[in-house]
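Results of the structural survey
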Amino acid sequence: MFLLIISPLILYFIITYLLKRYQSKRLYTCSLESPSNIYSSLLPVDFHSKPKQSGNNDDGYIYPSDPVSALEQLRAVVATLHSQGALISLDPYNLIILHERLAYTNSNDVVNWFTVQFNLFTGSLTALGTHRHAALIQDACQLKKLGCFALTEKGAGVLSGLLCDTIAYFNQTTAKIVIHTPNENAKKCWISYAGNNQVEYAVVFAKWAQKNPIQSKKQTIVKTSQGELYLTPHVVAMVVQIRDKGMTLEGVSIEQCHTRSDFRSNCFGTLTFTEYNVEPECLLDRYCSLDTTNGTLQVIDHCPKLFFKLANRLLVGRLCLSATALACAKVTLQLVMKKVYSSKRCQFSYITDHIQTMTQQICEMDYYFHRLIKRFQVTTSMTMTTDELLEKNLDEILLIKAYIPPLCRSIVGKCRELFGAESLLAHHRMAEIHASCYASCLAEGDSVIMAQAFVGQCMHKYKHLSFSNWRLIWLMMKILVTVPTHKRIDYINAHQTEVIAAFQQIADGIFQNQGIRSNLQSIPTPDFTNTN
């Protein structure tokens, strides 16, 4: 009886293994636009002349990392992109491609500032604002107004937004919206560029409070200058001015973070609001509106969970960060390949085997990633809005953010090991790129949390259930049989290692079974050699 049960399973695994082992695979070369002047036009103006200056012992270009130089280069890059018509649209596909180009040609300081300014700040105004915010959007696109994205709170960390202690409410006496930080945990912390005196605006997220109670099982009351108010479940976004000509406005407190070892141009800041009054027009009101007669927030019927609409910029950001990490891994591996295959090191199989494995991994990631982002290309035949596309592809975005940046970080780390002591030289950018990949894992949703969310989606939607993903099936059966419904989220949080193991098995199966193969020419990078 036992043999009758087990035989089909053994036969299944044998057939599956043979199919995977001997199936024909097509050669895949990482996509890269050519000619390279598309990329070289974004290089710093002194890229070719600076290495020839006396005293430059590295004989290579070293990107400046101070805030003044980084902002100057950002302005030059944005001016070039405007002249090319590349910033006409801030749709997801366009932003992702631009991040890819910038990662090849500029320091991570410039790329990081670009993503904060154009995806998080300007992108939020474009996606969440209305005609009343058009002038500010125009100025932000031209870098006449610099902004930041104030979401992360001290007490919530990676769960900021879902957990939000900063409150906002309407003062009928002054006809102003009041933003307030009620406690230490509500401070907006690690806000990129908030500590830079030239950054004068912020998109601020806060939980809305009002006099009228809402229909809820649990009514939460907060004490304010207007008396006791009912806390709604809605997180709203507002664009507010935090400085004027470099001076912090009254009601706003900004603390600069200590000196950073990486991303030195990024002046992180902590924002605290003390009964800070702003105009009602500051509310980003595409999906909600404010009734100024009673201070009640009105949310559009099809957006009951307002925060998830607001958080779509984070979904775009996760794709942008993954594109940056992927470009960084390509550049680093290309440097190693050039060094190894032009020296006697190529006789060592330990090195060449690692290079071939990393080449295959990058090609697999690149193939999956570019297949996905093509769905976001704006065409006349589109029947869905950008937000609807993002929400429809949520699972794939979670998968990409959880899988690509950590693997790119591991690839860059191995490349530094194979490259030797030269990886410490600044002009090779390996240390800077390694730091960038770490940041891509953490920013706009920690990759571990994204992996956990992806596994949760798989269990909720009964996706990827197969014998090859036995860890997911085992985890799911344990939860369904042994864990009460109201404790299942707590169980997943407490067994993160098991969840990550299930995720890794699923992700490896998805990326490694795409039917593609690579060779040493599969990873091109733009050639910026000065031919003049």
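Notes on the structure follow. What you are looking at is a predicted structure, and each value in this text was computed from that prediction instead of being measured.

Rules behind the numbers
Residues numbered from 1 in each chain as written. Predicted model: local features only at pLDDT ≥ 70, side-chain atom pairs only at ≥ 80, totals over all residues. Heavy atoms only, no water. Patch = residues over 30% accessible without salt bridge, like charges linked within 9 Å, V, L, I, M, F, W, Y side chains within 5 Å. Areas by Shrake-Rupley, 256 points an atom, 1.4 Å probe, with all protein chains shown as cover. Salt bridge = Lys/Arg side-chain N within 4 Å of Asp/Glu carboxyl O. Helix = DSSP H or I, 4+ residues; strand = E, 2+ residues; numbered from the N terminus. Phe/Tyr/Trp six-rings, centres within 6.5 Å; stacked < 30°, edge-to-face > 60°. Buried < 20%, exposed > 50% of the residue type's maximum accessible area, 1.4 Å probe, protein only. Lys NZ or Arg CZ within 6 Å of the ring centre and 35° of its normal.

Here we look at a nonpolar patch on the surface
On the surface, Met477, Leu480 and Val481 cluster together into a nonpolar patch covering about 290 Å² of accessible area. Within the secondary structure, Val481 sits in helix 14 (residues 470-482).

Describing the packing of aromatic side chains
Inspection of every chain in the model, using the stated rule, returns 13 aromatic pairs. Ring centres of Tyr61 and Tyr63 lie 4.8 Å apart, and the angle between their planes is 80°; this geometry places the pair in the edge-to-face category. Taking the relative accessible area as the measure of exposure, Tyr61 reaches 8% and is therefore buried. A relative accessible area of 13% places Tyr63 in the buried class. With centroids separated by 4.3 Å and ring planes inclined at 20°, the aromatic side chains of Trp113 and Tyr193 adopt a geometry described as stacked. Of this pair, Trp113 sits in helix 5 (residues 108-128) while Tyr193 sits in the loop between strand 5 (188-191) and strand 6 (201-210); the two residues are 80 residues apart in sequence, bridging distant segments of the chain. Across the pair, exposure class does not vary: Trp113 and Tyr193 are buried alike. Here a set of aromatic residues connected by ring pairs shows up, and it is made of Phe47, Tyr61, Tyr63 and Phe528. Lys50 extends its terminal NZ or CZ atom over the ring of Tyr61, reaching a point 5.0 Å from the ring centre.

Concerning the pattern of salt bridges
For the structure on display, the rule yields 13 salt bridges. When the shortest N-O distance is used, the salt bridge between Lys176 and Glu279 registers 3.5 Å. Of this pair, Lys176 sits in strand 4 (residues 176-180) while Glu279 sits in the loop between strand 13 (276-278) and strand 14 (288-291), and the two are 103 residues apart along the sequence. Take Lys176: its relative accessible area is 24%, and that puts it in the partly exposed class. You can call Glu279 partly exposed: its relative accessible area is 40%. Residue Lys414 is joined to Glu417 by a salt bridge in which the shortest nitrogen-to-oxygen separation is 3.1 Å. On the criterion of helical spacing, the pair formed by Lys414 and Glu417 is a turn pair, its members being three residues apart in helix 11 (residues 394-419). On the accessibility criterion, Lys414 (19% relative accessible area) is buried. Its relative accessible area of 47% is what places Glu417 among the partly exposed residues. Connected through shared salt-bridge partners, Lys154, Glu184, Lys187 and Glu255 make up one network.

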